[in-house]
Amino acid sequence: MEQIHLHPIDSQLAVNLNHINSSLSFFHKAWASWIMQRANEKWISNGEDDLGFLYARIKNRSNINKIKEISTYAGRFSSHYDIVKATVDYFKEIFNLPSPDNSSSIFIPKGNIIPNNLTHGLIAPVTDLEIKEVVFAGATGSASEPDGFIFEFYKHSWEITGFYVCQAIKNFFKDDTLHNSVKATAIVLIPKNSYATHITDYRSISLCNTFYKIIVKLLANRMKEITPLIIHESQAGFIKKRVSSNIIILANKILRDFGSRKDKEFFCAKLDIQKAFDSVSRDFIIARLHEKGFPLKGFLSIVVWPSAGLPLSPLLFSIAMDALSCALDAGRFCGITNDPNAYNHLLYADDVLVFSPATLINALALNDTLELFATCSGLQVNKNKCSILFSHSSSMTDDIKRTLGFTSSYVFLKYLGIPISTKRLTSTYFQPLLSRLSALLAGWKIKFLSFAGRIQYLKFTIANTIAYWIRGAIIPKSCCKCIDRMCAKFLYHGSATEKKLHLIAWRKTCLPTCFGGLGIPDIKYSIQFGRNCSFIWRFYNTSTLTSKWLKSKFHSPYKPPPKSASTFWKTICLVAARIKHLIQFHIINININLSLTWDPWLNGKSLHDLFPHLHYANFEVKDFIINGIWNFRGRLSDEVYTFVDSVPFSDDNWNISWIGEGKPNFKTFKMLYFVDHGKFP
């Protein structure tokens, strides 16, 4: 380096420096490789505290997934060859069912269609960058496909194979043809339970070639921007910016509402669709795509021989189920009215929940709609697995059950695995959760896991199980205490049942690591706080059936809740007040969703805060905006008009924005709980 400093233009010195750097890099990689090999050798020979747990899980999983015997409608089979043949024959029969009669589909409205200005983007030529982004976004550890080329292969060899992959995919979109070998699919059976014997006890997973996945992902990326505009708002599954927790919350609210109304009787039914993804008619899908305004080129190019089944795109299945939503809305089936909106069903993919006044006319209308939908789409309702819940017993109850052929549920329904009921959810409803956690914390796991392993097990396996339940329901305090007790015993004593004392309070154990805890999520405080913050964010920034229902009932989280309000809404109001100083409200020209009186859109203050003596009923801000300008004259006093007229319009796309630290996501909201509450619950 000294010589280069003295002779900066000497080319030989530059060559020598480059050679030295290359040698250093080579020996550094060799040293790192040697260190890694020694570490692997030591780990294999000596192991670690949690290695036994890993091997036990692998062995247990292998035993569960191994198919020793299987039975179908054709008989029972035990040899490998017979099992494979019986499985293939079973799916051949399912995927080649007679096409349903689509002539009746003219009675199903098309619903929302694609705006004309967006159709060009669907059929625009794919670019090399678009293809590369799909490849490099592919799952690294994906299972091996029939041709053996996984995403990882294309990523590592992109400099060599990238050009040919891009050319092949562009040729497909140009010629609309795809060789059958590219569409080859391997079917893997995943057992639904530990005692799976019949083929219906297994869930089929399709392993498609990566080349095929790239094409489908390109199509899906373009479709997902369109589907929120054309799919009925009751569908929450697989649609961008729609989440399942919203419909679980709404289902609970609807049931609680008509359960409290003694003047009228209602029913709620959960529908089970037989083999939904396997039996949907592809002719019906294609017909709906045409009706929705999809251009023919590009989206109907992947030729699939079977007449039924939809193994690839959930977005296409959502389009099929949209027909059911349109049929329910257009038919004689009446829903639950909550001015100015009406609700008669909720969907998450093929999980259907319907609501209606308990009359025989509505039961007949629902039955006719389901039969019409089945005739057109091939999606049959399995009435033996359908459940119905009534708000009150009446003389019509038996007639409705007989008409629909559904099984009566007297206490509650389970929707997406979460209990919903016309009554307040007590600890009894959460016994399945406690039993599940007890099973997860007991048994052979305790013997194999070290203290550090138990921490990780609680952080991920247990926390994820609880998080799913907490999204749609408030877990009672007694259940929270029971869960905390089991987790504390499991962590500190390696047993979820023995009665022992530990010297560290569980609430301190659940603090984030930066505050001296172990970072284990707690269900009573931070998780619920984070969930409530996330809900408030969605409440203002996305227009959903849930937000419409709650706005119609309560107008705003900043309006004092009535005594009759649910515990859920009361906690939402408390959290909204606590994060008020960390969110900023915007007045935008489109999709504005703010209460005129109660939301703090006036520089952090609400109209009620500034003028408590004035009453403006339950107007929304959008009611006073015409063509992007304020229109208060003659409707508000001069002092209010002068104050409000000074509030500018924003170019932001959101009704509220986050002005606190970090991004507005669940992780930030959960950490905010400890910062805002002085570290300790």
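Residues numbered from 1 in each chain as written. Predicted model: local features only at pLDDT ≥ 70, side-chain atom pairs only at ≥ 80, totals over all residues. Heavy atoms only, no water.

## Brief notes about the overall build of the chain
For the chain, the helix and strand inventory stands at 28 helices and 17 strands. Residues classed as buried in the chain amount to 46% of the 681 residues present. Contacts in the chain between residues at least 24 apart in sequence constitute 71% of all its contacts with a sequence separation of at least 6. Split by element, the accessible area of the chain, about 35,900 Å² in all, is 56% carbon and sulfur. Across the chain, 78 positive and 53 negative side-chain charges occur, with their mean positions spaced 8 Å apart. (Helix = DSSP H or I, 4+ residues; strand = E, 2+ residues; numbered from the N terminus. Buried < 20%, exposed > 50% of the residue type's maximum accessible area, 1.4 Å probe, protein only. Contact = heavy atoms within 4.5 Å. Areas by Shrake-Rupley, 256 points an atom, 1.4 Å probe, with all protein chains shown as cover. Lys, Arg positive; Asp, Glu negative; His and termini not counted. Charge placed at Lys NZ, Arg CZ, Asp CG, Glu CD.)

## What about the packing of aromatic side chains?
Inspection of the entire model under this criterion finds 31 aromatic pairs. Each ring, one from Phe-153 and one from Tyr-154, has its centre 5.3 Å from the other, and the planes form 70°; the classification is edge-to-face. The partly exposed category is assigned to Phe-153, whose relative accessible area is 34%. On the basis of an interplanar angle of 35° and a centroid distance of 6.3 Å, the ring pair of Phe-535 and Phe-539 is categorised as tilted. Within this pair, Phe-535 and its partner Phe-539 are both found in helix H23 (residues 526-541), separated by four residues, close to a single helical turn. For the pair Phe-535 and Phe-539, one class covers both residues: buried. Here the aromatic residues Phe-535, Phe-539, Tyr-540, Phe-554, Tyr-558, Phe-568, Trp-569 and Phe-585 are joined through ring pairs into a cluster of three or more. (Phe/Tyr/Trp six-rings, centres within 6.5 Å; stacked < 30°, edge-to-face > 60°.)

## With respect to unusual backbone geometry
In this structure, Phe-238 is a non-glycine residue whose phi angle is positive, near 70°. Secondary-structure assignment places Phe-238 in the loop between helix H10 (227-230) and helix H11 (244-260). Accessibility expressed as a relative area gives 38% for Phe-238, which makes it partly exposed. Of note in this structure, Asn-603 is not a glycine but carries a positive phi near 55°. Residue placement: Asn-603 occurs in the loop between strand E14 (583-585) and helix H26 (607-610).

## Focus: the packing of helix H15 (residues 314-330) against helix H16 (residues 360-377)
Closest axis-to-axis distance for the H15/H16 pair is 10 Å, and the angle between their directions is 150°. Taken together, the axes of H15 and H16 lie roughly antiparallel to each other. As for how H15 packs across H16, the hand of that crossing is right-handed. Across the interface between the two elements, Ala-320, Met-321, Ala-323, Leu-324, Ala-327 and Leu-328 of H15 pack against Leu-366, Thr-369, Leu-370 and Phe-373 of H16. Broken down by class, the residue content of the contact of H15 with H16 amounts to nine nonpolar, one polar and no charged. (Axes fitted to C-alpha atoms, helices over the stretch in contact; angles between N-to-C directions. Parallel < 35°, antiparallel > 145°, perpendicular 65-115°, else oblique. Left-handed = near helix turned anticlockwise from the far one by under 90°. Nonpolar A, V, L, I, M, F, W, Y, C, P; charged D, E, K, R; others polar.)

## Re the sheet that holds strand E8 (residues 345-348)
Spatially, five strands are ordered E8-E9-E5-E10-E11 in an open sheet, and the strand pairing comes out mixed. In this open sheet, the two edge strands, each paired with only one partner strand, are E8 and strand E11 (407-408). In this structure, strand E5 (residues 266-271) lies alongside strand E10 (residues 387-390), joined through four bridges in antiparallel fashion. Counterpart to Phe-267 in the pairing with E10 is Phe-390. (Pairing = 2+ DSSP bridges.)

## Describing a nonpolar patch on the surface
Judged by side-chain polarity, Trp-31, Trp-34 and Ile-35 come together as a nonpolar surface patch covering roughly 340 Å² of accessible area. Tracing the backbone shows Ile-35 in helix H2 (residues 11-46). Note on Ile-35: relative accessible area 38%, which makes it partly exposed. (Patch = residues over 30% accessible without salt bridge, like charges linked within 9 Å, V, L, I, M, F, W, Y side chains within 5 Å. Salt bridge = Lys/Arg side-chain N within 4 Å of Asp/Glu carboxyl O.)

## Description of the environment of Thr-72
When you line up the elements, Thr-72 lands in strand E1 (residues 70-72). Among the residues examined, Thr-72 registers a relative accessible area of 11% and is labelled buried. Among the polar contacts listed, one links the side chain of Thr-72 to the backbone nitrogen of Ala-74, at a separation of 3.1 Å. (Polar contact = N/O pair within 3.5 Å; in protein donor to acceptor, adjacent residues only side chain to side chain.)

## Focus: helix H4 (residues 80-95)
The terminal C-alpha atoms of H4 lie 23 Å apart, and with 16 residues this matches the ideal 22 Å at 1.5 Å per residue to within 8%. Buried within H4 we find Ile-83, Ala-86, Thr-87, Tyr-90, Phe-91, Ile-94 and Phe-95. Viewed along the axis of H4, the buried residues span an arc of 160°, placing them on a single side of the element. Away from its buried face by more than 90 degrees, H4 exposes Tyr-81, Lys-92 and Glu-93. Those residues of H4 hidden inside the fold are in contact with E1, strand E2 (75-77), strand E3 (185-191), strand E4 (202-208) and helix H12 (276-279). (Expected span 1.5 Å × (residues − 1). Arc of directions from axis to C-beta.)

## Considerations on a positive patch on the surface
A contiguous patch of positive charge, built from Lys-192, Arg-203, Lys-275 and Lys-385, is present on the exposed surface. Tracing the sequence through the fold places Arg-203 in strand E4. The partly exposed category is assigned to Arg-203, whose relative accessible area is 45%.

## A word on the side chain of Glu-620
Topologically, Glu-620 is positioned in the loop between H26 and strand E15 (625-626). Discounting residues that sit within four places of it in the chain, Glu-620 has contacts with Lys-551, Asn-593, Leu-594, Ser-595 and Leu-596.

## Looking at empty space enclosed by the protein
For the coordinates displayed, the defined rule picks out two cavities of 30 Å³ or more. Empty space within the largest cavity amounts to approximately 80 Å³. For the lining of the largest cavity, the secondary-structure elements that each account for two or more residues are helix H20 (451-470) and helix H21 (477-493). Counted by class, the lining of the largest cavity contains eleven nonpolar, no polar and two charged residues. Reported here for the second largest cavity is a volume of approximately 30 Å³. Lining of the second largest cavity is provided by Cys-533, Ile-536, Trp-537, Ile-579, Ile-583, Ile-656, Trp-658 and Phe-669. If you list the elements that add at least two residues to the lining of the second largest cavity, you get H23 and strand E17 (656-658). Grouping the constituent residues of the lining of the second largest cavity by class yields eight nonpolar, no polar and no charged. (1 Å grid on protein atoms, 1.4 Å probe; cavity = no way out; pocket = protein on both sides within 12 Å on 5 of 7 lines; lining within 4 Å. Points joined across faces, edges and corners; volume = space filled by probe spheres on them.)

## Some remarks on the nonpolar core
Counting 104 residues, the largest nonpolar core has Phe-355 and Trp-601 as the members making the most contacts within it. Among the nonpolar cores identified, the runner-up in size contains 49 residues, and Phe-294, Leu-328, Phe-333 and Phe-390 belong to it. (Core = buried A, V, L, I, M, F, W, Y, C linked by side-chain atoms within 4.5 Å.)

## Observations concerning the environment of Gly-662
Here Gly-662 lies in the loop between E17 and helix H28 (666-676). Under the relative-accessibility criterion, Gly-662 is labelled exposed at 55%. Here the alpha-carbon distance between Gly-662 and Leu-672, two residues ten residues apart in the chain, equals 9.8 Å.

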